[in-house]
Amino acid sequence: MASWEQLNFQNSFSPLMEQFIFLHDHIMSILTLIMLIVGYSLSKLCLSKFNVTKQSENHELEILWTFLPGVFLIIIAFPSLRLLYLSEESEKSPLNIKTMGHQWYWSYEYSDFKDLEFDAFMSPVEKTTSFRLLETDNHTCIPTNTPIQMFVSSTDVLHSWTIPAMGVKADSTPGRLNIINIIAMKPGLFYGQCSEICGTNHSFMPITLDTRPIFFFKEWVKTMINS
Amino acid sequence: MAASPNLDVEQALLDFEEAQEKKKSSLKLFGKSISDIPCFREAFLYGIVGGLGVGIASFLFTSRVGRSLDFTVYSYAAITAGTWCYCRYEKAHRHLELLRFKHEMKTRALTEGVTDTDRLRSVQTDSTSEEGSVIILPAPRTTS
């Protein structure tokens, strides 16, 4: 989860988020080099005594500073586009979950199992002993290392379902189904918050994702159905 | 006499702790340890050494400080960018090959001994789960 002094992404727990972080590092390093080149050229010009005649006209330099940004853009574009299409890839998943946004809570339906649906309200601040404004009364549980397909929609206004550590976010729009594909690499608890303004309690409808090995996921399903 | 297997585990734990200590003491950029960024160290080391080399060589040949400094900075940027892009491309290529290899290994382990491979290829197989795969198989044939 995020901490108060954090500037970077959260640690990645899905292959997609891993690739997002790699792309971010790649683009940031290219940008740093561009800043270095531009900063150095700027400082050289500022400190110049204007006694170099070639500074008023230099065809080779003009060709270079037209050609070079194009090269940098291509270097950035190729991995970016690759990741863009990779994030849209979906394979047939053994588990499908329907997520509906309400004012101001989320409800989940596991249609692959009989009678498994529940609502997830934020735990009251006074009663929770865990993370403030992030805990919910029911956790959304998924198995690790299994492709999950999540259908996100809404019953009233726009909401947005997101788990930053998984690198997923989708608007839940009334009358529309958006699809998210998640593969959790490790077990753990992951938090997210509604990311589209939806009213008074927009800040108080968090998401808690509990990823477990498949054996424990089956136990959870049994417990939830029985209860 | 065979070596005790516990020694390897202890060595692995020591190596892990050493790696964690190194990570703690490594330089951090905006809260992120640079040792976590693949190819960073290699690219910037090559860039610094290459840039300095080109700068010193140009100074030795031209004895012009300003021009040599220009060569140093621009060659540093070019060498760093080139090494970075090449290293990242190779890493992504290797990562993809490793994923394909792992997937193939798991599929072969699961389908070992299976003779009806054509039928099995038409069946959706999920071999990414570590705790036993989630395989969707067709209903068994009943022989009358």
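Residues numbered from 1 in each chain as written. Chains lettered and ligands numbered in written order. Predicted model: local features only at pLDDT ≥ 70, side-chain atom pairs only at ≥ 80, totals over all residues. Heavy atoms only, no water.

Residue and element names in this part refer to chain A. What you see with strand S7 (residues 168–172) is a clean split: Val168, Ala170 and Ser172 sit on the buried side and Lys169 and Asp171 on the side with no burial. As paired strands, strand S6 (residues 159–163) and S7 are joined by 5 bridges and run antiparallel to one another. By the bridge assignment for S7, Trp161 is matched with Ala170. A loop of 4 residues connects S6 with S7, the two strands running antiparallel in sequence, and Gly167 in this loop sits at a positive phi of about 70 degrees. (Buried < 20%, exposed > 50% of the residue type's maximum accessible area, 1.4 Å probe, protein only. Helix = DSSP H or I, 4+ residues; strand = E, 2+ residues; numbered from the N terminus. Pairing = 2+ DSSP bridges.)

With that settled, consider the sheet that holds strand S10 (residues 206–212) of chain A. All names here are of chain A. Strand order in the open sheet made by the 3 strands is S4-S10-S9, with mixed pairing throughout. Two strands bound the open sheet, and with one partner strand each, they are strand S4 (140–143) and strand S9 (188–193). Neighbour to neighbour, the strand axes of the sheet diverge by 25 degrees on average, direction disregarded. Of the pairings in the sheet, the one linking S9 to S10 comprises 6 bridges and is antiparallel in character. Directly across from Gln193, in S10, lies its bridge partner Pro206. Its contacts with the sheet put helix H3 (residues 214–226) on S4 and S10, and the angle it makes with S4 is roughly 140 degrees. (Axes fitted to C-alpha atoms, helices over the stretch in contact; angles between N-to-C directions. Contact = heavy atoms within 4.5 Å.)

A few words on the pairing of S4 of chain A. As a general feature of sheets, a regular strand has side chains that alternate between the two faces. Residues and elements named next belong to chain A. A two-sided burial pattern is seen for S4, the buried positions comprising Thr140 and Ile142 on one face and Cys141 and Pro143 on the other. Two elements, S4 and S10, share 4 bridges in a ladder whose sense is parallel. Residue pairing in the sheet places Cys141 in a bridge with Asp210 of S10.

So, on to helix H2 (residues 40–62) of chain B. The periodicity of an α-helix, 3.6 residues per turn, causes residues three or four places apart in sequence to face the same way. Residues and elements named next belong to chain B. The end-to-end C-alpha distance of H2, which contains 23 residues, comes to 32 Å, matching closely the 33 Å that a straight helix rising 1.5 Å per residue would cover. Along H2, the residues classified as buried are Phe40, Ala43, Phe44, Gly47, Gly50, Gly51, Gly55 and Ser58. Packing partners of the buried residues in H2 comprise strand S1 (28–29) and helix H3 (65–110). Phi for Ser63, located one or two positions after H2, is positive at around 55 degrees. (Expected span 1.5 Å × (residues − 1).)

This part is about the domain arrangement of chain A. Residues and elements named next belong to chain A. Partitioning chain A into domains gives domain 1 (15–49 + 56–88) and domain 2 (95–226). On a C-alpha basis, the centroid separation for the pair domain 1 and domain 2 is 38 Å. Contacts between the two partners involve 5 residues from domain 1 and, on the opposite side, 6 residues from domain 2. Across the interface of domain 1 and domain 2, roughly 440 Å² is buried in total on both sides, 64% from carbon and sulfur atoms. On the domain 1 side of the interface with domain 2, the three residues burying the most area are Pro15, Leu16 and Met17, jointly 74% of the side's total. Linking domain 1 to domain 2 there are 0 salt bridges. Scanning the region where domain 1 abuts domain 2 turns up 0 residue pairs in polar contact (both at pLDDT 80 or more). Each residue belonging to the side of domain 1 that touches domain 2 can be placed in one class, and the counts come to 4 nonpolar, no polar and 1 charged. (Domains from an automatic or database assignment. Buried area = accessible area lost by both parts, 1.4 Å probe. Salt bridge = Lys/Arg side-chain N within 4 Å of Asp/Glu carboxyl O. Polar contact = N/O pair within 3.5 Å; in protein donor to acceptor, adjacent residues only side chain to side chain. Nonpolar A, V, L, I, M, F, W, Y, C, P; charged D, E, K, R; others polar.)

Take the pattern of salt bridges next. Note on pairing: side chains with opposite charge can pair once their charged atoms come close. Residues and elements named next belong to chain A. Counted according to the given criterion, the structure contains 5 salt bridges over all chains. Residue Lys98 pairs with Glu109 through a salt bridge whose shortest N-O separation is 3.5 Å. Here the residue Lys98 occupies a position in strand S1 (residues 95–102), and Glu109 occupies one in strand S2 (residues 105–109), the gap between them amounting to 11 residues. Between Asp210 and Arg212 there is a salt bridge, with the nearest N and O atoms lying 3.0 Å from each other. Of the residues examined, Asp210 reaches a relative accessible area of 11% and is grouped as buried. The class for Arg212 is partly exposed, based on a relative accessible area of 26%.

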